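Here's the letter readout for the chains.
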Amino acid sequence: MIKNYLTIAIRSFLKHKSFTFLNIAGLSLGMVASLLILQYVKYERSYDAFHSKAQDIYRVNYNQWQNGKLRFECAAAVQAVGPALKNNFPEVLRFTRFFPTSGIMSYNSPAHGVVSFREEKMQITDSSSFEVFDIHLVEGDKMQALTGPNKVVISTNAAKRYFGNENPITKTISWDGNRNLEVTGVFESLPQNSHLKFDFMISYGTLFKMAGREAETAWGWYDFNTYVLLQHGTDHKALQAKWDQWLAKARAEDWKKYNGKQEFPLQPLLDIHLGKVLLQESQPDERGTADSVYALTAIAFFILIIAWVNYINLATAKSFERANEVGVRKVMGAQKNQLMKQFLSEAFLINLLAASISVLAVRLLWPSFSNLSGRAIPLAYLGQSSFWVLVAGLFLVGTVLAGFYPAIVLSSFKPVSVLKGKVMHNPQGNFLRKGLVVFQFVTSVVLISGSVIVYQQLQFMRNQDLGVNINQTLVLKGPGVVVDSLFRNAFEGLKADAMRVPGVKNITGSSNVPGDEIFWANGIRKLGEPEGSHISGYIVGMDHDYVNAFNLKIIEGRNYDPTSNGKKSVIINRAMASALDYKDPKSAIGEKVTQGRDTMEIIGVLENYHQMSLKEQVTPLVYRYTPQFASFISFKLETQNYQQVLAGLQKVWDTHFPGNPMDYFFLDQFFNRQYDGDKRFGQIFSGFTLLAIFVSCLGLFGLASFMTLQRTKEIGIRKALGSTSAQVVFLLSKGFIQLVLIANLIAWPLAWYIMDSWLEAFPYRITINPVLFLLAGLGVVIIAFASVGLQTFKAARLNPALTLKNE
């Protein structure tokens, strides 16, 4: 019997080739889209899950309140929280801290000479990190590798880069030319789906030698990403409540003194990657967002549902062509359940072919999709059982859901009626089919509107006036081996020589550039106000050329004078003047403030500009005069011949900072990298939106086939009575356009609500223009008309003599 079902199914497929192709194409596209998106979602949700104790690891974040206001939310906590949690709560088994740093690492190889690289992925940490996280040592003793100062454990990638085939253990590597570190271990490089990425683990004792032993229990220095390992099964919310109570009691005196409060919330490790981006995140540019994952998951299921709806519409559209076949089978003794099995077997084969094609397509598209998503999604995902379970699930659900309704419709025809050519049409079936088409185009309008709004918001952020000129700016990362007066002398010499390089217009040195997150901070308050009134002041160190080089606007006061003592002066921005409660920027000039141990006079107020992307509010900033060091050296250019400029600067650099690699970037590209994740999301969203619209059009094509088939004789009569082809096309298309208009009326408020909610996450956002929804709706109407136009035009062109010859 099964063989008979399959034979008949194959004959039916061969007889209706175009119908079979449309079904397989629609289902394949739906499954391909769903499989790709769901593998991406799986990867996004897999961050940090490779740690065996991931469920029990929590990061201690830091929220600072001042005068009843939340000043900031930070991913880095103060040093004291780790010991405080471990010593006062038995639920806490271990804690570890990571202090991010960078510098130039050098190794004097006997075979290859000095090997030197600038390293950005470095952490100062302790041996507890090996007990909290799954960091596997391939060389060295994890209990001793980070014990004591001046020890370093390196990744396998770093070991290959510096030492080649040499054994790195006990070798000495130089950090910034003034500190020698002994290599005591080598660890397996961390996978890409880790929110923590580093190649160097420097012993915590090294930090004590630099900062002093008392730093370990400080409650003010908050540059430490702190993680705790809890006993398995611990209720972290209950622990959080006890931890908050302990803090309120232990820190009450200091909080009262500073008129503030410190919160240290515990964040599950597995929630970090898709959670809110805080200050001082590890690898913030690589972070995902929960909203994008939810949106793409919804798109995956919508496309899949649309594909299944298409199958239903196309199958029912052809059902009346097979009515006589059903009638004959029933007269010959076929039972309803046998007919249902027959048509379900056809759905089974269609879905099986679609699933097979989709798996092949996913494999072929995998590299392109990985590039589009910006993630190195492992190809090994395709060999995991979860992938094949998903394929099998989509196949079975598609077979049952998409095949069951057409099977019921086809097997329910009454043989007497169908053999007389009198097939009764079920109004409920018509309503269902039309409802499904409305659903398809509601989805299409929402997705089109969403894609355009995502694009507009991204363009708005990229093209908005930042208040700072980042164009035509080449930035060199500062040298790591010279500081203070040595740097100042070398830097002045570099400036003088670099200004003679054709195309260089201006040069400035600074601790940060626009787009670089500021970590240097200290409490700042008006002189004479109580100590508790200080607020957090993030600091940009700069020379006297910084303001002019970046076209910053001084709204009050003046710039730094290189001939005077800049240590007694300070410049702030408008936001900081407001945060310090000055009536206006002018009233701040000449006032004195204290920051840390320094008392300074405000000599200038800068207009606000965007230090970071428009996804963040403008930050109150302090600008200190620091000609003795620069993490970045910026060159304003007036030429497009960048290669010539770089060649000239390389010679100048090697003259003044020999032994330091010259690393550079262009500032506009560096700044706009902050939008790379949004850009990738927009591309994926738009791409799958187009696919959803295409698949929806296949469904509309199916319904057009169904409707025109039903009304063939009506069309013949109208043509015989004098109706033109244009009138017939309008008559047949009117019903479809009505469905699309209904879909628009439902989709417009829905799209506005969804996208307005999405835009609320941006402090600087576009205003949604209602015309956008009208244009999206018009676009869908045009697409719908084009989809049904072919079928309706063919029906309108039929000779009525052919359609009425049997009447």
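Residues numbered from 1 in each chain as written. Predicted model: local features only at pLDDT ≥ 70, side-chain atom pairs only at ≥ 80, totals over all residues. Heavy atoms only, no water.

S.K.: Could you clarify how one ought to interpret the sheet that holds strand 2 (residues 62–66) in this entry?
M.R.: In any sheet, the strands associate via hydrogen bonds between backbone groups, in a parallel or an antiparallel arrangement. Read across the open sheet, the three strands follow the order 3-2-12; overall the sheet is antiparallel. If you trace the sheet from one side to the other, it starts and ends with strand 3 (69–74) and strand 12 (260–263), each paired once. Taking the axes of each pair of neighbouring strands and ignoring which way they run, one obtains an average angle of 15° across the sheet. Bridge count for strand 2 against strand 12 is four bridges, and the pairing is antiparallel. Each bridged residue has a counterpart across the sheet, and for Gln 64 the counterpart in strand 12 is Gln 262. (Pairing = 2+ DSSP bridges. Helix = DSSP H or I, 4+ residues; strand = E, 2+ residues; numbered from the N terminus. Axes fitted to C-alpha atoms, helices over the stretch in contact; angles between N-to-C directions.)

S.K.: What should I look at first to understand the pattern of salt bridges in this one?
M.R.: Any two side chains of opposite charge can pair if their charged atoms end up close together. All told, the structure shown has 20 salt bridges when counted by the stated rule. The shortest N-O distance in the salt bridge between Arg 375 and Glu 44 comes to 2.6 Å. Placement of Arg 375 in the loop between helix 11 (336–373) and helix 12 (385–411) and of Glu 44 in helix 2 (residues 17–45) is noted, with a sequence separation of 331 residues between them. Between Glu 119 and Arg 161 there is a salt bridge, with the nearest N and O atoms lying 2.8 Å from each other. Placement of the pair is Glu 119 in strand 5 (residues 113–125) and Arg 161 in helix 5 (residues 156–163), with a sequence separation of 42 residues. Each of Arg 59, Glu 281 and Arg 287 takes part in a single network of salt bridges with overlapping partners. (Salt bridge = Lys/Arg side-chain N within 4 Å of Asp/Glu carboxyl O.)

S.K.: It is not clear to me how helix 7 (residues 236–250) should be interpreted in this structure. Could you clarify?
M.R.: The α-helix advances 3.6 residues per turn, and as a result positions three or four apart in sequence lie on the same side. Spanning 15 residues, helix 7 covers 20 Å between terminal C-alpha atoms, matching the ideal 21 Å at 1.5 Å per step. In this fold, the buried residues of helix 7 make contact with helix 3 (81–88), strand 4 (92–109), strand 11 (225–230), helix 8 (252–258), strand 12 and strand 13 (266–268). (Expected span 1.5 Å × (residues − 1). Contact = heavy atoms within 4.5 Å.)

S.K.: Any chance you could explain empty space enclosed by the protein here in plain terms?
M.R.: Using a probe with the size of a water molecule, rolled over the atoms, empty space left in the structure can be pinpointed. Enumeration over the complete set of coordinates arrives at four cavities of 30 Å³ or more. Roughly 70 Å³ of volume is contained in the second largest cavity. Every residue along the wall of the second largest cavity is listed here: Asn 573, Tyr 609, His 610, Gln 611, Met 612, Ser 613, Glu 616, Gln 617, Val 618, Thr 619 and Leu 621. Residue composition of the lining of the second largest cavity, grouped by class: four nonpolar, six polar and one charged. (1 Å grid on protein atoms, 1.4 Å probe; cavity = no way out; pocket = protein on both sides within 12 Å on 5 of 7 lines; lining within 4 Å. Points joined across faces, edges and corners; volume = space filled by probe spheres on them. Nonpolar A, V, L, I, M, F, W, Y, C, P; charged D, E, K, R; others polar.)

S.K.: I would appreciate a short explanation of the pairing of strand 15 (residues 504–510) in the present structure.
M.R.: In the case of a regular strand, side chains alternate between the two sheet surfaces. Most of strand 15 is tucked away: five of the seven residues are buried. Alignment of strand 15 against strand 23 (residues 632–637), held across six bridges, turns out to be antiparallel. Residue pairing across strands places Thr 508 opposite Ser 634, the latter belonging to strand 23. (Buried < 20%, exposed > 50% of the residue type's maximum accessible area, 1.4 Å probe, protein only.)

S.K.: Please clarify how the nonpolar core should be interpreted in this entry.
M.R.: Soluble, globular proteins show a tendency: their nonpolar side chains are buried together. Grouped together as the largest cluster of nonpolar side chains are 154 residues, with contacts concentrated most on Val 228, Phe 264 and Phe 688. Look past the residues within four positions of Phe 688 in its chain and what remains in contact with it is Ala 33, Leu 36, Ile 37, Ile 299, Ile 303 and Phe 369. (Core = buried A, V, L, I, M, F, W, Y, C linked by side-chain atoms within 4.5 Å.)

S.K.: How should I be thinking about the environment of Leu 466 in this particular structure?
M.R.: Note on placement: Leu 466 falls in the loop between helix 14 (427–463) and strand 14 (473–477). Taking relative accessible area as the criterion, Leu 466 reaches 10% and is therefore assigned buried. Here Leu 466 is in contact with Tyr 609, His 610, Leu 614 and Phe 671, once residues within four sequence places are set aside.

S.K.: In this structure, what is going on with the pairing of strand 8 (residues 172–175)? I would like to understand it.
M.R.: Two strands pair when backbone bridges link them, and strand 4 and strand 8 are joined in this way by two bridges, in the antiparallel orientation. Bridge pairing links Ser 106 to Ser 174 in strand 8. Looking at chain direction, strand 8 and strand 9 (residues 179–187) are connected through four bridges and run antiparallel. Along strand 9, the bridge assignment pairs Ser 174 with Asn 180. Where strand 8 folds back on strand 9, the antiparallel hairpin that results is connected by three residues, among which Asp 176 adopts a positive phi of roughly 55°.

S.K.: Hey, could you run me through the confidence of the model for the protein in this one?
M.R.: Any segment with low pLDDT has predicted coordinates that should not be analysed in fine detail. Mean pLDDT over the protein stands at 86; residues scoring 70 or higher make up 86%. Highest mean pLDDT in the protein belongs to strand 1 (residues 57–60) (98); lowest belongs to helix 13 (residues 415–419) (54). (pLDDT = per-residue confidence, 0-100.)

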